[in-house]
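Letter by letter, the chains look like this.
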Amino acid sequence: MDKLLGAFTKTYINELTEDDLIKLEKLLDIDDSNLYNFLNGLNTDVIIEENYVTDLFKNFKYVSK
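Quick look at the structure, then.

Cut-offs used in this document
Residues numbered from 1 in each chain as written. Predicted model: local features only at pLDDT ≥ 70, side-chain atom pairs only at ≥ 80, totals over all residues. Heavy atoms only, no water. Axes fitted to C-alpha atoms, helices over the stretch in contact; angles between N-to-C directions. Helix = DSSP H or I, 4+ residues; strand = E, 2+ residues; numbered from the N terminus. Parallel < 35°, antiparallel > 145°, perpendicular 65-115°, else oblique. Left-handed = near helix turned anticlockwise from the far one by under 90°. Contact = heavy atoms within 4.5 Å. Nonpolar A, V, L, I, M, F, W, Y, C, P; charged D, E, K, R; others polar. Salt bridge = Lys/Arg side-chain N within 4 Å of Asp/Glu carboxyl O. Buried < 20%, exposed > 50% of the residue type's maximum accessible area, 1.4 Å probe, protein only.

1. Considerations on the packing of helix 1 (residues 2-12) against helix 4 (residues 52-59)
Part 1: Following both chains from N to C, one finds helix 1 and helix 4 inclined at 120°, their axes separated by 11 Å at the closest point. Looking at the two axes, helix 1 sits oblique to helix 4. Classified by chirality, the crossing of helix 4 by helix 1 is right-handed. Contacts from Leu4, Leu5, Phe8 and Tyr12 in helix 1 reach Val53, Leu56 and Phe57 in helix 4.
Part 2: Among the residues making up the contact of helix 1 with helix 4, the classes are represented as seven nonpolar, no polar and no charged.

Take a look at the structure:
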């Protein structure tokens, strides 16, 4: 999950507003298990707010280098 989050952040960090960066920080604080479930449409143990950043994250395609 760390590689995915790192690649996602590197891709979008310069495009995000200050408000989006706060939302990104909240996303990065979520544990791997809940992020995995969120990405796969499964139930999570925490409430993950749907917003621009989470939409970007759900649609991000990680390409291993």
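2. Here we look at the packing of helix 1 against helix 2 (residues 18-28)
Part 1: Relative orientation of the contacting elements helix 1 and helix 2 amounts to 175°, with a least axis distance of 12 Å. One way to sum up the angle between helix 1 and helix 2 is to call them roughly antiparallel. For the pair helix 1 and helix 2, the contacting residues are Leu5, Phe8 and Thr9 in the first and Leu24, Leu27 and Leu28 in the second.
Part 2: Each residue belonging to the contact of helix 1 with helix 2 can be placed in one class, and the counts come to five nonpolar, one polar and no charged.

3. Description of the pattern of salt bridges
Part 1: Tallied over the full model, the rule gives two salt bridges.
Part 2: Residues Lys23 and Asp19 are paired through a salt bridge, measuring 3.0 Å at the closest nitrogen-oxygen approach. On the criterion of helical spacing, the pair formed by Lys23 and Asp19 is a turn pair, its members being four residues apart in helix 2.
Part 3: Glu50 is paired through a salt bridge with Lys58; the nearest N and O atoms lie 3.0 Å apart.
Part 4: A relative accessible area of 48% means that Glu50 is categorised as partly exposed.
Part 5: A residue is classified by how much of its surface remains accessible, and Lys58, at 32% relative accessible area, is partly exposed.

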